[in-house]
Amino acid sequence: MDLHLHNSATRRKERFVPLDPAHVRIYVCGPTVYDLAHLGNARPNVVFDVLARLLRRAFPRVTYARNITDVEDKIIDRARESGEGIEALTARTIADFHRDMAALSVLPPDAEPRATGTIPEMVAIIERLVELGHAYEAQGHVLFAVSSFADYGKLSGRSPDELLAGARVEVAPYKRDAGDFVLWKPSTPDQPGWDSPWGRGRPGWHIECSAMSHKHLGPDFDIHGGGADLLFPHHENEVAQSLCAFPGHHFARFWMHNGMLLVDGEKMSKSLGNFRTVQDILALGPWAGEAFRLLLLKTHYRMALDYTEAGLAEARRELDRFYRALSKMEDVVPERGGDPHPTEQPPFEAALADDLNTPLALATLHHLVSAANTALEANETAPLPHLKARILEAGALLGILGTDPAAWFRAGVTLDEAAIEAAIAARLAARKAKDWPEADRIRKDLAEQGILLEDGPKGTTWRRA
């Protein structure tokens, strides 16, 4: 597979050649666990889940690390506000996050390091930075000296003035330069803290990811991913401290960033009343997790994505179309390992290999389903095993179509199944008696309750509307 990815570091699409073809390594910034995951949090997890699936198809071994930030000032503040202990808060939030991601069919990463489990490695890196003259201690803090790294700003492409403007939120009298950022800070008795050469304290946010990626992937790895909002200052600071701590290494070779998620055309905000959590979406029904995942994949990952209820409903209808085709091929045994179908222009894998072009890949999937429907309507069975295999393979790479079609169409039905089957039997009896008005009444009554009947060679089946 000839894979090309857009590299944020070079601002162009490049052919992906791993450092070690036998072992691809990828790191993605994970959640800060103080609240439920919102829709914007979900997007990078789905995007890089698809990337990891694609990489596993192309290479013999992939290590995908996604961290958990479980020590951070937002966590401390939330625990103080709620009266909940920090350990209880983070444990509950991590469990919620795992459930939400599983509902979106996001596979677990190969490594999921926690910041609190990587404190010794953070301290060791900070000590190296101080020893090499890239960091200094001031009033119990240890700060990275931005002026010591000539390439600071290169990743994000920001000018010195823009860098300074972005750093002003952290201006403090103990800094040598306004842009210097915290590696270690002191903790009060009521705050989480660990012993260090600079006293009891806790790490700054940026050093956490440098330490966790180094511990699990080494000083050089293939891909670093995250949302575009992390490009500066978080990823810029990661690059600076990692390259300075380990001279002669390159840290991440490819940087990938997904675009922002909007809601109804506006930035998501509690003040605007358009803030949505993943659990808000999942509460809509058992179909919602897969439909939301498909909605995320319908827009290229680097573009801004606008979430709307109409868009979610359309994604659900598309899944209905896919599953309906699969249900009609229930007895077809897929023939795997064949060449792409002639309708695949470009082939499905080639679409994904072009900078994870999920919209184009979904268009190819629609073509495959259309070809299957055409064959079914013409009663041509020969192409069905290959078409079904390609549809299922495409679904597996995208993380969709993993549900049994019958279960998909019956999920969320509140009407008792025995009552539905009794109504179908009554309708059949009416048709045999040529009581067409009664048969039509039963069909209409079920339709009003969200149950659609489909007559076929094997009799009458039902599904939700």
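All values reported here derive from a predicted model rather than from experimental measurement.

Analysis parameters
- Residues numbered from 1 in each chain as written.
- Predicted model: local features only at pLDDT ≥ 70, side-chain atom pairs only at ≥ 80, totals over all residues.
- Heavy atoms only, no water.
- Helix = DSSP H or I, 4+ residues; strand = E, 2+ residues; numbered from the N terminus.
- Buried < 20%, exposed > 50% of the residue type's maximum accessible area, 1.4 Å probe, protein only.
- Contact = heavy atoms within 4.5 Å.
- Axes fitted to C-alpha atoms, helices over the stretch in contact; angles between N-to-C directions.
- Parallel < 35°, antiparallel > 145°, perpendicular 65-115°, else oblique.
- Left-handed = near helix turned anticlockwise from the far one by under 90°.
- Salt bridge = Lys/Arg side-chain N within 4 Å of Asp/Glu carboxyl O.
- Pairing = 2+ DSSP bridges.
- Expected span 1.5 Å × (residues − 1).

### A look at the overall build of the protein chain
Counting its regular elements, the protein chain contains 16 helices and 15 strands. Expressed along its principal axes, the backbone C-alpha trace of the protein chain runs to roughly 90 × 50 × 35 Å. A burial count over the protein chain gives 50% of its 465 residues as buried. The long-range share in the protein chain, meaning contacts at least 24 apart out of those at least 6 apart in sequence, stands at 75%.

### Some words on the packing of helix H15 (residues 417-432) against helix H16 (residues 436-448)
Helix packing for two helices is described by the angle between their axes and how far apart those axes are. Closest axis-to-axis distance for the H15/H16 pair is 7 Å, and the angle between their directions is 160°. Considering the angle they form, H15 stands roughly antiparallel to H16. For the element pair H15 and H16, the recorded crossing hand is left-handed. Touching Ala 423, Ala 426, Arg 427, Ala 430 and Arg 431 of H15 are Trp 436, Glu 438, Ala 439, Ile 442, Arg 443 and Leu 446, all from H16.

### Points about the pattern of salt bridges
Taken as a whole, this structure holds 30 salt bridges when the rule is applied. Notably, a salt bridge pairs Glu 112 with Arg 66, separated by 3.0 Å at the nearest N-O pair. Of the two residues, Glu 112 sits in the loop between helix H3 (86-103) and helix H4 (119-131) while Arg 66 sits in strand E4 (residues 62-66), which places them 46 residues apart along the sequence. A salt bridge links Arg 410 to Glu 417; its shortest N-O distance comes to 3.8 Å. Because the salt bridges share partners, they merge into one network encompassing Arg 57, Glu 344, Glu 349, Arg 390 and Glu 393.

### A word on the pairing of strand E1 (residues 4-7)
Bridge count for E1 against strand E2 (residues 12-15) is four bridges, and the pairing is antiparallel. Residue pairing in the sheet places Asn 7 in a bridge with Arg 12 of E2. Once E1 ends, the chain turns through four residues before running back antiparallel as E2, passing Arg 11 with a positive phi of about 60°.

### Topic: the environment of Ala 124
Looking at where Ala 124 falls in the secondary structure, it is placed in helix H4. In the structure, Ala 124 is positioned 89 residues away from Asp 35 in sequence and 30 Å away in space, judged by C-alpha atoms.

### Quick look at the packing of helix H2 (residues 73-82) against H3
Packing of H2 against H3 leaves a shortest axis separation of 9 Å and a crossing angle of 110°. The angle between H2 and H3 falls in the class roughly perpendicular. Facing Ile 75, Ile 76, Arg 78 and Ala 79 of H2, the residues of H3 in contact are Ile 86, Leu 89 and Thr 90.

### Thoughts on helix H6 (residues 205-217)
Here H6 spans 19 Å end to end across 13 residues, near enough to the 18 Å set by a 1.5 Å rise per residue. All of the buried residues along H6 are His 206, Ile 207, Glu 208, Cys 209, Ser 210, Ala 211, Met 212, Ser 213 and Leu 217. Once H6 ends, the next one or two residues include Gly 218, with phi positive near 95°.

### Here we look at unusual backbone geometry
The linkage connecting Phe 232 with the following residue, Pro 233, adopts the cis geometry, with an omega of 5°. Omega for the bond connecting Gln 345 with Pro 346 falls within 30 degrees of zero, at 0°, which places this linkage in the cis form. Mapping Pro 346 onto the fold places it in the loop between helix H10 (309-328) and helix H11 (348-353). Positive phi outside glycine occurs at Gln 139, with the angle close to 50°. Look at Leu 401: it is not a glycine, yet its phi comes out positive at around 65°. For Leu 401, the location among the structural elements is in the loop between helix H13 (384-398) and helix H14 (405-410).

### As for the sheet that holds strand E9 (residues 220-227)
Read across the open sheet, the four strands follow the order E4-E3-E9-E10; overall the sheet is parallel. Here the strands that pair on one side only, and so sit at the sheet edges, are E4 and strand E10 (251-258). Pairwise comparison of adjacent strand axes, ignoring direction, gives a mean angle of 20° for this sheet. The pairing of E9 with E10 spans seven bridges and is classified as parallel.

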